[in-house]
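Survey of secondary and tertiary structure
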Amino acid sequence: MHDLNDLVKLLDGDVNVQKQVIQSIQPKNEPFEFRFNGHANSLTNTEINSFSKALAKLDYTRILTLTHQKDFISTDVLATLVESSRCLRQLDISYGDILDFSQLFQAINSDDDDDNDVANQKGDLDSDEEQKCLQSLNISGNHLKFDDAKLLGSQLEKNTSLLALRLKSCSMKIDSIIRIIEGLYKNNTLESLDLSRQDRSVDPYNLSCHIQKYFFNNVSTITRLNLRHLNLTDQCVFNITTGLLNGSNSLKHLDVSNNMLSRDSAKSFVKLLNGHPL
């Protein structure tokens, strides 16, 4: 167990970060929880890198939020923290100016099979202190390039820790969204997905067909799906609900607010509620 003084010492020379750490409110006798909103807690990219290095050395941070950090453009050092940490559960780096997510996405699946086999033999996978388990990742509001979206999809195929993934306002085109959805075909753990507010060029009908296909052809673990501000039409809702009704899934929450829906969508919702144990 560590206290804030241990972290402050590691941040020697980074006065602004030290100040932010000292002023943070922490739970007693629990891992650290840092919630920095750029509007009130602005850090430079260099300061974020120093902070990430210090957090990695202690590995005693459960929640890390770095939102609206407009100088935050590189996740290379943060990826090292994600890769090495066995404590970090929630990471929110939404609404920054991040240019490249490749190393961060690689880091969420850094454990190799040999390490997992050894851990299984020792019974370590039942321990939160030993098992790396990033459960929530929020990168909303950043521009996600196609190559990064493709990499994320491939990582989701084998990821077994993420429970929540927020990709709201990532300016993704349809090809990027498709790669991510296809990556979920082999994923058996993700429970919450937010794809709201994507690129305006995304054809809503095409998108709804891929979501329909996902639910129709897979045993889905997703319980919460947010599809807001995507220009979905009544036909799109019909496609999505048809996939839900004809597939095996666990959906409990579907948010399609702020779309192009009329009263006709009510028919699809009634069928869904009558035939689906929401």
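As the structure is a computational prediction, the values presented were derived from the model and not from experiment.

For the rest of this paragraph, the subject is the overall build of the protein. When helices and strands are counted, the protein shows eleven helices and eight strands. At 20 Å, the protein has a C-alpha radius of gyration in line with the 19 Å of a compact globule built from 278 residues. Seen through its C-alpha atoms, the protein measures out along the principal axes to roughly 60 × 45 × 35 Å. Across the 278 residues of the protein, 48% fall into the buried class. Sequence-distant contacts, at least 24 apart, represent 84% of the contacts inside the protein between residues at least 6 apart. In the structure as shown, the protein presents an accessible area of about 13800 Å², 46% of it carried by carbon and sulfur atoms. Here the protein contributes 29 positively and 37 negatively charged side chains, and the mean placements of these two sets differ by 8 Å.

Burial within strand β2 (residues 61-67) is extensive, with six of its seven residues counted as buried. Here strand β1 (residues 32-37) runs beside β2; their pairing, made up of six bridges, is parallel. By the bridge assignment, Glu33 is partnered in β2 with Ile63. Crossover handedness for the path β1 to helix α3 (residues 45-58) to β2: right-handed. Looking at chain direction, β2 and strand β3 (residues 90-92) are connected through three bridges and run parallel. Among the inter-strand pairings, Ile63 is bridged to a residue of β3, identified as Gln90. After leaving β2, the chain enters helix α4 (residues 76-84) and then returns to the sheet as β3, a path that is right-handed.

Remark: the centre distance and the inter-plane angle together describe each pair of aromatic rings, the angle taken between the planes. Counted by the stated rule, this structure contains eight aromatic pairs. Ring geometry for Tyr185 against Tyr214: centres 6.1 Å apart, planes inclined by 5 degrees, an arrangement best described as stacked. With Tyr185 in the loop between α8 (174-183) and β6 (192-194) and Tyr214 in helix α9 (residues 204-217), this pair connects stretches of sequence that are 29 residues apart. Of the residues examined, Tyr185 reaches a relative accessible area of 27% and is grouped as partly exposed. Tyr214 gets classed as buried once you look at its relative accessible area, which sits at 5%. Taken together, the ring pairs connect Phe32, Phe34, Phe36, Phe51 and Tyr60 into an aromatic cluster.

Below, the discussion takes up the nonpolar core. If you look at the biggest cluster of nonpolar residues, it comprises 69 residues, and the most contacted ones within it are Leu7, Phe51, Leu64, Ile93 and Leu167. Contacts of Leu167, omitting those with residues within four sequence positions, involve Ile139, Ser140, Leu152, Met172, Ile180, Leu193, Asp194, Leu195, Ser196 and Gln198.

With the exception of glycine, most residues fall at negative phi, and the peptide bonds are largely trans. Of note, Ser171 is a non-glycine position whose phi angle comes to about 55 degrees, a positive value. On the basis of relative accessibility, which here comes to 34%, the residue Ser171 falls in the partly exposed class. Positioned with a positive phi, His229 is a non-glycine residue whose angle comes to about 55 degrees. Counting through the fold element by element, His229 comes out in the loop between β7 (224-226) and α10 (234-246).

Helix packing geometry: the angle between the two helix axes and the distance between the axes. Their axes nearest at 11 Å, the elements α8 and α9 cross at an angle of 5 degrees. Regarding the angle of α8 to α9, the classification is roughly parallel. Each of Ile174, Ile177, Ile178 and Ile181 in α8 lies in contact with α9, whose residues at this interface are Asn206, Leu207, His210, Ile211 and Tyr214. For the contact of α8 with α9, a count of residues per class yields seven nonpolar, two polar and no charged.

The rules behind these values
- Residues numbered from 1 in each chain as written.
- Predicted model: local features only at pLDDT ≥ 70, side-chain atom pairs only at ≥ 80, totals over all residues.
- Heavy atoms only, no water.
- Helix = DSSP H or I, 4+ residues; strand = E, 2+ residues; numbered from the N terminus.
- Rg over C-alpha atoms; globule rule 2.2 N^0.38 Å.
- Buried < 20%, exposed > 50% of the residue type's maximum accessible area, 1.4 Å probe, protein only.
- Contact = heavy atoms within 4.5 Å.
- Areas by Shrake-Rupley, 256 points an atom, 1.4 Å probe, with all protein chains shown as cover.
- Lys, Arg positive; Asp, Glu negative; His and termini not counted.
- Charge placed at Lys NZ, Arg CZ, Asp CG, Glu CD.
- Pairing = 2+ DSSP bridges.
- Right-handed = clockwise from strand over helix to strand, strands pointing away.
- Phe/Tyr/Trp six-rings, centres within 6.5 Å; stacked < 30°, edge-to-face > 60°.
- Core = buried A, V, L, I, M, F, W, Y, C linked by side-chain atoms within 4.5 Å.
- Axes fitted to C-alpha atoms, helices over the stretch in contact; angles between N-to-C directions.
- Parallel < 35°, antiparallel > 145°, perpendicular 65-115°, else oblique.
- Nonpolar A, V, L, I, M, F, W, Y, C, P; charged D, E, K, R; others polar.

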